Amino acid sequence: MKILCVCGARPNFMKIAPIAEAFSNSGIQYSIVHTGQHYSPEMSRDFFEQLEIPKPDVNLEVGSGSHAQQTAEIMKRFEPVVIEKSPDAVLVVGDVNSTIACGLTGVKLGIRLIHVEAGLRSCDKAMPEEINRILTDSISDMLFVSEPSGIENLRREGRPEESLFLAGNVMIDTLRRRLSIAEESDILNRLGLRERQFITLTLHRPENVDSRDQLLRVLDLIERAAKISTIVFPIHPRAGKAFKKAGLEGKLSEISNVIITPPLGYIDFLKLLTSSACVLTDSGGVQEETTALEIPCITLRKNTERPITISEGTNILTGLNPERVGGELQRLSGNNFKAAGKCPKLWDGKAAERIAEQVRKTLA
């Protein structure tokens, strides 16, 4: 049994780490292919080191480009790898360009496809990730799902019942494995922060950072939030470039009570999350992590593909609405930022073990 495990962008690395460990423990032979979709040290190499992911057997070194350019280049470079290694299956995770590009390439070569984190839907096709999710699920042979809504979505789309598996959340596997290590991080001391005395902000989605008008709303939102608590903003490369292009770097730096940092490694960022009073984000993964940690999360989007973080977790959906965000923060601060949710079933740190067991059973 030989499996090619694909990863390419920061969100993938946290998902592939526990899968690689579970495959090793189960005796499943695998190779890791890094597409190079994210390639800077802080967005790639640091994650491999901190999560103890084995060095990639292959790095396609694709780099940046438009969605079409990047997807096409990944497919072109991945095809000879599949032909050479002749795996029994290709395993892809999440919803980035690497996911659909490698999935489609493998299927066209007659290789079975495994999709981990299948079935999630925002019902917003303006999101490139939504297109990637739908297309990858439509061609996959095994669909491992992190929450019940994913099973319902896949059934509605006509996927065969025998291909669906509710396995739990591999992102949370990584979180639980690294909590004790994160406790040793000195990020709070380096930034002069105290536990539960600050709000963490992350932004990277095009709909929030790719227009000047939206960035002005972000600045309004940050100003309102900073009146309630210190804001820590590890700035994503996309957001940093957007502020610079819009000529708004100066306005951002002028807001008082805001600490701006470069992108953080996983361990430092996890320590920041666990110590936050509240989190503002447009990240799907952060919605899940804050739910698992039972920390209030305000999601700056109109929709979410992870509804369980709202129905059972600690997540509040506001969109990029400064007034509403300010109101929610006032309400939460009046309750000492106490979370009202709980960690969903099967987010127990054992999802990758269940995936490895089912893969062995099915491919055997």
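In the block above lies the structure referred to throughout.
These numbers come from a predicted model, not from an experiment. (Residues numbered from 1 in each chain as written. Predicted model: local features only at pLDDT ≥ 70, side-chain atom pairs only at ≥ 80, totals over all residues. Heavy atoms only, no water.)

(A) A look at the side chain of Glu 305. Along the polypeptide, Glu 305 turns up in the loop between β12 (297–299) and α15 (308–311). A polar contact is formed between the side chain of Glu 305 and the side chain of Arg 301, at a distance of 2.6 Å. A distance of 2.3 Å separates a polar atom in the side chain of Glu 305 from a polar atom in the side chain of Arg 306. In this view, Glu 305 contacts Leu 120, Arg 121, Ser 122, Met 127, Arg 133, Glu 147, Arg 205 and Gly 284; residues no more than four positions away in its chain are not counted. (Helix = DSSP H or I, 4+ residues; strand = E, 2+ residues; numbered from the N terminus. Polar contact = N/O pair within 3.5 Å; in protein donor to acceptor, adjacent residues only side chain to side chain. Contact = heavy atoms within 4.5 Å.)

(B) How the structure looks around the sheet that holds strand β10 (residues 258–261). Across the sheet, which stays open at both edges, the six strands sit in the order β10-β9-β8-β11-β12-β13 with parallel pairing between neighbours. The open sheet has two edge strands, β10 and β13 (315–317), and neither has a second partner. Sheet twist, expressed as the mean angle between neighbouring strand axes with direction ignored, is 20°. Across three bridges, strand β11 (residues 278–281) lies against β12 in parallel orientation. (Pairing = 2+ DSSP bridges. Axes fitted to C-alpha atoms, helices over the stretch in contact; angles between N-to-C directions.)

(C) Molecular detail of the sheet that holds strand β4 (residues 89–93). Strand order in the open sheet formed by seven strands is β3-β2-β1-β4-β5-β6-β7, with parallel pairing between adjacent strands. In this open sheet, the two strands that pair with only one neighbour each are β3 (58–59) and β7 (164–166). As paired elements, strand β1 (residues 2–7) and strand β2 (residues 29–34) share six bridges and run parallel to each other. Following the sheet pairing, Val 6 is matched in β2 by Val 33. Against the sheet, helix α3 (residues 67–85) makes contact with β1, β2, β3 and β4, and its axis sits at roughly 160° relative to β1, the strand it touches most. Taken strand by strand, helix α4 (residues 97–108) contacts β1, β4 and β5 (112–118), and its axis lies near 165° from that of β4.

By themselves, these observations are geometric and do not establish any function.
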